Amino acid sequence: MTAPAAAPLSDKTASRVASVEELRIHFDTKAGRLHAVDGVSFDIFDGESLGLVGETGCGKSVTARSFLRLIPVPPGTYAGGRIHFWSKEARQTGGSPVDLLQVPASQMRDIRGNRIAMIFQDPGKALNPALSIREQVAEVFYQHRSEDLLDGWNGTPPRPIRRAAGQRSGKLEWLAFKVPPLRSPARRLRKRVDDLVGDALAETQIPNPRKIMTSYPHELSGGMKQRVMIAQALACNPDLLIADEPTTALDVTIQARIMELIRELQLRHQTSVLYISHDLSLVRRICDRIAVMYAGRIAEIGQTRHVFHDPLHPYTRGLLAAIPSLAHQRGELAVIDGTVPELIDPQPACRFHTRCSYATDLCGRLDPPLVARPGLRPVACHGYASPDELGVAADQLPRLDRDAP
Amino acid sequence: MTNLRDDPVGAATRAEERPVITLRGVKKYFPVREGVLQQIVGHVRAVDGVSFEIRQGQTLGLVGESGCGKTTLGRCIAGLTDTTGGGIYFRLSEADRMFLDEMDAVGQDRQTSEQQAKVESIERAHRIDRLKGETWRTYRRNCQFVFQDAFSSLNPRHLVKDIVGRPLRVYKEASGTDLTERVVELLESVGLGRQHLYRYPHQFSGGQRQRISIARALALDPEFIVLDEPTSALDVSVQSQILNLLHKLQQDRGLTYLFITHDLGVVRLMSDEIVVMYVGEVMERAGAQELFASPRHPYTEALLAANPDLLEGDEEAEMRGLEGTVPDPARPPRGCKFHTRCPVATPRCGWEVDDAVAWLSDNSTILEGLGGVERSSDFESVLRFAEPGTAAEAESLLASAAIPDAMRAALVELDQDGPELRIRFEEVDRVRLEDVDVGHMTSCILHTSQADLDSRP
């Protein structure tokens, strides 16, 4: 299952879908400036699934939401960095990427739900309780596929129909659709939308999509609602799908079904997926690569298999050891002492040094950058630096015991 | 406490321990009210006949998906809600339990007056809803509760000192400086300290709040604690701290735990014995190691398959989920409650009219044509359609390969007569929990002797 679906990822020339560079997102609070995301960089390659894991408050959801510029400003500020995004055309023609943090709002509307789609954590809250499933899924087609809706029309469709296909109908125009000259084209449009919505729902293995289309979110179970969300997200065949803890609100048996479904659809559509989760064992099953986040920074990033078998960063090691597994005796779970540090106006220091058992003085005054060193994947820890690189004596560096994580 | 992880069966040591809590056929129904007069039209069977015992110094893990009744059962045991039927007994001896079981088998009418008097005296002394005065107070102080959400279970307007000291004050255990010292001791035992005495709950992180909850539960030095998903709101690194703390307290104080959770990894680590619940019933019950090594119920297998990290060996194993949804507990399925989603269901698993209607309603033309369902029992009914054509379509659907094989085999009568379609399923009894091994019980008929399985497909 962990077999990468995409081009070989070690090959750095593999085409990228998105590239995050030094992303900084801050929030103004009464206590000061909260550095929720503080210099995060990573790439998402074509067709791969990247897992972004971390504990509550580490900035993983904020990172994901910034792709679609969903952070409320104020109190939030995009304090720096770029998110480059290559659409399918740009990748094929070798075109230049767009910076998602800079594009004008109108262009952002074109990208949202069309080129980049998102599945939210709680399907109960993310779906509109006042609209039927049909209306909610159809909106994606009206917004982004209005030309498709008018496909196969003999000649130019009447202007009110064109407006209806783009959800730009005037206030009383719906009345005109009830009477002869426009009635049959309006029906035809409606049928076309029904077909597309039905197909989108059927793709997520919803039994009897026609029946589901007329129901409202409260009539569906959690797993079914999440399927509707997935149908909505994949309706336009996006280049990048962002899944923000899509199964946290679901039971384990349903969770497994939804994960299978996302994986299957990803392979079929060749979509790249950015997968946000706090559940390491889940991420391990479905992601090609994972990035571990801690306190607004990426601690380490690499192929899933490598990260799990040989975690480099002390935080990753602690996190993996804290999951109850077969190897543990009762009362002997590994523990990471202390709590996540305050992110308000942080000092230039390793974010993990207060909880790290290997930390030295150096970690308390110098921030380790996320760099790939020869033979190692990128990791933000001084333990892997050479003394010359930092210009300090060798005994000042933390000594990580590489064999016994 | 004996370490049962090294004891393959575990039953030998377990049987010697005294039961602290005994459940005998516990039921909890919630009424469903409808209409202007709020008449009761049915019951949600949250807990439907659950029996097990929790022994001194042991941890019993209660697992199941959301809505399976595990929290309700925990609340019943702690005396926070009353039960609809059955009994929860505190410190019921093995002999008394056997006597009560025997008397139930005899039936109330045929008991002699001495026997009735004995039943009465046992119930008065041990059954928690019949405890009065001092014995009830003894039960309440010996049975404490740690809630799932440490954010809403601590009063935001009270200081930690008042929260943790409240039980001591109520039971007149301590006052004044003595009380403060006792509270400090309790806080220290959960890894907090004197500096936290005069703070409010909002000043603590999730893990620390859960520690305060645990300190409060420990205040009266109870024998038994119900832990209702104590770590599900916490991050992994904090969860491991709390689990280690709970284990240490159990060792130091000889506590008995009922550990309610949906996380199988946690429950395996913490429990000696595990009870798997589904729609208000116990599906399987076994020693922790035994359950994971050889599950004897398809539902347990499905839970394990959904999280393959828990199984030994192949770490690349695929994760498998279940189709369908948890049935409505107001109209639970007949026979085995899991048969609607079971991958290995047999014709004897309790297929009924509702299952047929559920399959038919996936087809929109049939659903629209279906006028009414007249049922003479859960297993037999007449479906009335608007047109004979739809009825014929429904008949062919029920006879086709789209329907599970087991369900088709259970369908003993399928007659179309004009717009009417008569269907009748084989009637089956409710499945019972049966012993399949020492200390291992399951309700799956594939593993027990409850049904003649010659008719298996």
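Here the structure is a predicted model, which is why all the values come from computation and not from measurement.

A. Representation of the overall build of chain B within the structure. Along its length, chain B carries 16 helices and 15 strands. Within chain B, residue pairs in contact and separated by at least 24 positions form 65% of the contacts whose partners lie at least 6 positions apart. Summed over all atoms, the accessible surface of chain B reaches about 20000 Å², with 47% contributed by carbon and sulfur. Side-chain charges in chain B split into 52 positive and 72 negative, and the spacing between the mean points of these groups amounts to 10 Å.

B. Structural detail: the packing of helix H3 (residues 94-106) of chain B against helix H4 (residues 113-126) of chain B. Residue and element names in this part refer to chain B. At a minimum axis distance of 11 Å, the contact between H3 and H4 shows a crossing angle of 130°. Taken together, H3 and H4 sit at an angle that is classed as oblique. Remark: the crossing between H3 and H4 carries left-handed chirality. Seen from H3, the contacting residues are Asp96, Phe99, Leu100 and Met103; seen from H4, they are Gln115, Lys118, Val119, Ile122 and His126. A per-class count over the contact of H3 with H4 returns 5 nonpolar, 2 polar and 2 charged.

C. Up close: the layout of surface pockets. Residues and elements named next belong to chain B. Roughly 1800 Å³ of volume is contained in the second largest pocket. In terms of lining, the second largest pocket is formed by 50 residues, of which the most central are Glu323, Gly324, Thr325, Thr340 and Arg341. Across the lining of the second largest pocket, the residue classes break down as 26 nonpolar, 10 polar and 14 charged.

D. Local environment of the packing of aromatic side chains. Residues and elements named next belong to chain B. Counted according to the given criterion, the structure contains 10 aromatic pairs over all chains. Centre to centre, the rings of Tyr278 and Phe338 are 5.3 Å apart; their planes meet at 90°, and the pair counts as edge-to-face. Of this pair, Tyr278 sits in strand S8 (residues 273-278) while Phe338 sits in the loop between helix H12 (298-305) and helix H13 (353-360), and the two are 60 residues apart along the sequence. By the burial criterion, Tyr278 is buried, and Phe338 matches it. Its guanidinium or amino end placed over the ring of Phe99, Lys118 lies 4.2 Å from that ring's centre, counting from NZ or CZ.

E. How the structure looks around the sheet that holds strand S12 (residues 411-417) of chain B. Residue and element names in this part refer to chain B. Reading across the sheet, the 4 strands line up as S10-S11-S13-S12 and stay open at both edges, with antiparallel pairing between neighbours. Every other strand in the sheet has two partners, leaving strand S10 (370-377) and S12 as the edge strands with one partner each. The sheet shows a mean angle of 15° between the axes of neighbouring strands, taken without regard to direction. Pairing of strand S11 (residues 380-385) with strand S13 (residues 420-425), which is carried by 5 bridges, proceeds in the antiparallel orientation. Bridged to Ser381 within S13 is Ile423. Seen against the sheet, helix H15 (residues 388-399) touches S11, S12 and S13 and runs at an angle of roughly 160° to S12.

F. Representation of unusual backbone geometry within the structure. All names here are of chain A. Each neighbour pair has its own omega, and for Val73 with Pro74 the value is -20°, a cis peptide bond. Inspection of the secondary structure puts Pro74 in the loop between helix H1 (60-66) and strand S4 (76-85). Cis geometry marks the peptide bond from Pro74 to Pro75; its omega dihedral reads 5°. If you trace the backbone, Pro75 turns up in the loop between H1 and S4. The backbone of Arg69 sits at a positive phi, close to 50°, despite the residue not being glycine.

G. Representation of the nonpolar core within the structure. Membership of the largest hydrophobic core comes to 120 residues, with the highest contact counts inside it found for A:Leu201, A:Val228, A:Tyr275, B:Leu398, B:Ile423 and B:Phe425. In this structure, this core is formed jointly by two domains, domain 1 (4-157 + 200-278) and domain 2 (353-425) of chain B, each of which donates at least three residues. By size, the runner-up hydrophobic cluster in this structure holds 40 residues, among which are B:Val146, B:Leu186, B:Ala217 and B:Leu245.

H. Representation of a nonpolar patch on the surface in the model. On the surface, A:Leu172, A:Trp174 and A:Leu175 cluster together to form a nonpolar patch covering roughly 350 Å² of accessible area. Inspection of the secondary structure assignment puts A:Leu172 in the loop between helix H7 (159-165) and helix H8 (173-176).

I. Representation of the sheet that holds S8(B) in the model. Residues and elements named next belong to chain B. The sheet built from 8 strands is open, its strands ordered S5-S6-S7-S3-S8-S9-S15-S14 with mixed pairing. Strand pairing shows two members of the sheet lacking a second neighbour, strand S5 (143-146) and strand S14 (434-437), which therefore form its edges. For this sheet, the mean angle separating the axes of adjacent strands, direction not counted, is 20°. Note: S14 against strand S15 (residues 440-442), 3 bridges, orientation antiparallel. The residue of S15 that forms the bridge with Glu434 is Thr442. Contacts from helix H9 (residues 236-253) reach strand S3 (59-63), strand S6 (224-228) and strand S7 (256-261), with the element oriented near 160° to S7. The sheet strands contacting H12 are S8 and strand S9 (281-287), and the helix crosses S8 at an angle near 100°.

J. Here's a closer look at the pairing of strand S9 (residues 289-294) of chain A. All names here are of chain A. S9 sits mainly inside the fold: 6 of its 6 residues count as buried. Burial along S9 is two-sided: the face carrying Arg289, Ala291 and Met293 and the face carrying Ile290, Val292 and Tyr294 are both buried. In the sheet, S9 pairs with strand S10 (residues 297-303) via 6 bridges, with the strands oriented antiparallel. Looking at S10, one finds that Ile290 is bridged to Gly302. Linking S9 back to S10 in an antiparallel pair, the connection comprises 2 residues, with Ala295 at a positive phi of about 50°.

K. Spatial organisation of the interface of chain A and chain B. The interface is formed by 42 residues belonging to chain A together with 51 residues belonging to chain B. Here chain A meets chain B over a buried area of about 3900 Å², counting both sides, of which 50% is carbon and sulfur. Of all residues in chain A, A:Arg285, A:Leu326 and A:Arg330 give up the largest surface area on contact with chain B, accounting jointly for 22% of the area buried on that side. Remark: the boundary between chain A and chain B carries 0 salt bridges. Counting across the interface, chain A meets chain B through 7 residue pairs in polar contact (both at pLDDT 80 or more). Among the elements that take part in the side of chain A that touches chain B, helix H12 (residues 252-269) of chain A stands out by supplying 7 residues, more than any other. Grouping the amino acids of the side of chain A that touches chain B by side-chain chemistry returns 16 nonpolar, 14 polar and 12 charged.

L. Representation of the packing of helix H6 (residues 160-170) of chain B against helix H7 (residues 176-189) of chain B. Residue and element names in this part refer to chain B. At a minimum axis distance of 9 Å, the contact between H6 and H7 shows a crossing angle of 110°. One finds that H6 runs roughly perpendicular with respect to H7. Packed against H6, whose contacting residues are Val160, Lys161, Val164, Gly165, Leu168 and Arg169, the element H7 presents Leu179, Thr180, Arg182, Val183, Leu186 and Leu187 at the interface. Across the contact of H6 with H7, the residue classes tally to 7 nonpolar, 2 polar and 3 charged.

M. Looking closely at the environment of A:Glu55. Tracing the sequence through the fold places A:Glu55 in the loop between strand S3 (49-53) and H1. On the accessibility criterion, A:Glu55 (4% relative accessible area) is buried. Sequence separation between A:Glu55 and A:Leu319 is 264 residues; the distance between their C-alpha atoms is 9.3 Å. If near-sequence neighbours (up to four positions away) are discounted, A:Glu55 is found in contact with A:Lys60, A:Tyr315, A:Leu319, A:Arg355, B:Asp235, B:Val236, B:Ser237 and B:Val238.

Scoring rules and cut-offs
- Residues numbered from 1 in each chain as written.
- Chains lettered and ligands numbered in written order.
- Predicted model: local features only at pLDDT ≥ 70, side-chain atom pairs only at ≥ 80, totals over all residues.
- Heavy atoms only, no water.
- Helix = DSSP H or I, 4+ residues; strand = E, 2+ residues; numbered from the N terminus.
- Contact = heavy atoms within 4.5 Å.
- Areas by Shrake-Rupley, 256 points an atom, 1.4 Å probe, with all protein chains shown as cover.
- Lys, Arg positive; Asp, Glu negative; His and termini not counted.
- Charge placed at Lys NZ, Arg CZ, Asp CG, Glu CD.
- Axes fitted to C-alpha atoms, helices over the stretch in contact; angles between N-to-C directions.
- Parallel < 35°, antiparallel > 145°, perpendicular 65-115°, else oblique.
- Left-handed = near helix turned anticlockwise from the far one by under 90°.
- Nonpolar A, V, L, I, M, F, W, Y, C, P; charged D, E, K, R; others polar.
- 1 Å grid on protein atoms, 1.4 Å probe; cavity = no way out; pocket = protein on both sides within 12 Å on 5 of 7 lines; lining within 4 Å.
- Points joined across faces, edges and corners; volume = space filled by probe spheres on them.
- Phe/Tyr/Trp six-rings, centres within 6.5 Å; stacked < 30°, edge-to-face > 60°.
- Buried < 20%, exposed > 50% of the residue type's maximum accessible area, 1.4 Å probe, protein only.
- Lys NZ or Arg CZ within 6 Å of the ring centre and 35° of its normal.
- Pairing = 2+ DSSP bridges.
- Core = buried A, V, L, I, M, F, W, Y, C linked by side-chain atoms within 4.5 Å.
- Domains from an automatic or database assignment.
- Patch = residues over 30% accessible without salt bridge, like charges linked within 9 Å, V, L, I, M, F, W, Y side chains within 5 Å.
- Salt bridge = Lys/Arg side-chain N within 4 Å of Asp/Glu carboxyl O.
- Buried area = accessible area lost by both parts, 1.4 Å probe.
- Polar contact = N/O pair within 3.5 Å; in protein donor to acceptor, adjacent residues only side chain to side chain.

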